Amino acid sequence: MTNIAVTLTVNGVVRRAEVPGRRLLSDCLRHDLGLTGTHVGCEHGVCGCCTVLLDGEPVRSCLTLAATADGHEITTVEGLAGPGGEPSPVQRAFAECHGLQCGFCTPGFLCTVTALLRDNPAPSEEEVLEGLSGNLCRCTGYQNIVRSVRRAAELIAGAEEA
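Residues numbered from 1 in each chain as written. Predicted model: local features only at pLDDT ≥ 70, side-chain atom pairs only at ≥ 80, totals over all residues. Heavy atoms only, no water.

> What is the right way to look at the state of the cysteines in this model?
Enumeration according to the criterion identifies zero disulfides in this entry. As a non-bridged cysteine, Cys 111 has Cys 50 as the owner of its nearest cysteine sulfur, 10 Å distant. Classification of Cys 111 by relative accessible area gives buried; the value is 0%. (Disulfide = S-S within 2.5 Å. Buried < 20%, exposed > 50% of the residue type's maximum accessible area, 1.4 Å probe, protein only.)

Take a look at the structure:
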């Protein structure tokens, strides 16, 4: 099988890899690029653990071929922090509101919520629940995760007012 050269801008850094044509983006990120923050849960696109941002939009990296991401921008959980390594408002809110639990689903939630709040900085309760509906957490009843989204929206609004 012939490998395919892919060039991805991952977390602002141009990265290149030679991958088999059937290599999933999740495997490319984890195994070829060493970015293990992206987790793989169900491997069927159901749980959302593997969610990353592709050109700013949430995608399931376990369903996306690395070759199709060639030339695109990818943001993983490792790329959500600020330039000095300070937590993003979403990361900070999840820590403050105990939305982390065991942490396995957290990278997918963080990427999903980052895109949600970028597109809708003041979501209603229903919009928050809809926005989170593609991500599964096996540890909670989602109360702290929903609280985290609310708190992140407050933090983002406060930053914009300053």
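> Hey, could you run me through the side chain of Gln 91 in this one?
As for its placement among the helices and strands, Gln 91 is situated in helix 2 (residues 89–96). If we ignore the near neighbours within four places in the chain, the residues touching Gln 91 are Val 77, Leu 80, Ala 81 and Leu 110. (Helix = DSSP H or I, 4+ residues; strand = E, 2+ residues; numbered from the N terminus. Contact = heavy atoms within 4.5 Å.)

> Just checking my understanding: could you explain unusual backbone geometry for this structure?
Negative phi values dominate among residues other than glycine, just as trans dominates among peptide bonds. Residues other than glycine seldom take positive phi values, yet Glu 43 does so here, at roughly 60°. When you line up the elements, Glu 43 lands in the loop between helix 1 (25–32) and strand 3 (51–54).

> When you look at the sheet that holds strand 2 (residues 13–20) in this model, what are you seeing that I'm missing?
Strands sit in the order 2-1-5-3-4 across an open sheet of five strands; the sheet is mixed. Two strands in the sheet have a free side with no partner beyond their single neighbour: strand 2 and strand 4 (57–60). Strand-to-strand twist of the sheet, defined as the mean angle between neighbouring strand axes without regard to direction, takes the value 40°. Direction of pairing for strand 1 (residues 3–10) relative to strand 5 (residues 73–75): parallel, over a ladder of two bridges. Bridging across to strand 5, Thr 9 finds its partner in Glu 73. Against the sheet, helix 1 touches strand 1, strand 2, strand 3 and strand 5, its axis set at about 110° to strand 2. (Pairing = 2+ DSSP bridges. Axes fitted to C-alpha atoms, helices over the stretch in contact; angles between N-to-C directions.)

> Looking at this model, I keep getting lost on the pairing of strand 1. Mind explaining?
The two faces of a sheet get side chains in turn, since along a regular strand they alternate between them. When strand 1 meets strand 2, the two strands line up antiparallel, connected through eight bridges. Note that in strand 2 the partner of Thr 9 across the bridge is Val 14. Counted between consecutive antiparallel strands, the loop separating strand 1 from strand 2 contains two residues, among which Asn 11 sits at a positive phi close to 55°.

These figures capture arrangement, not role.
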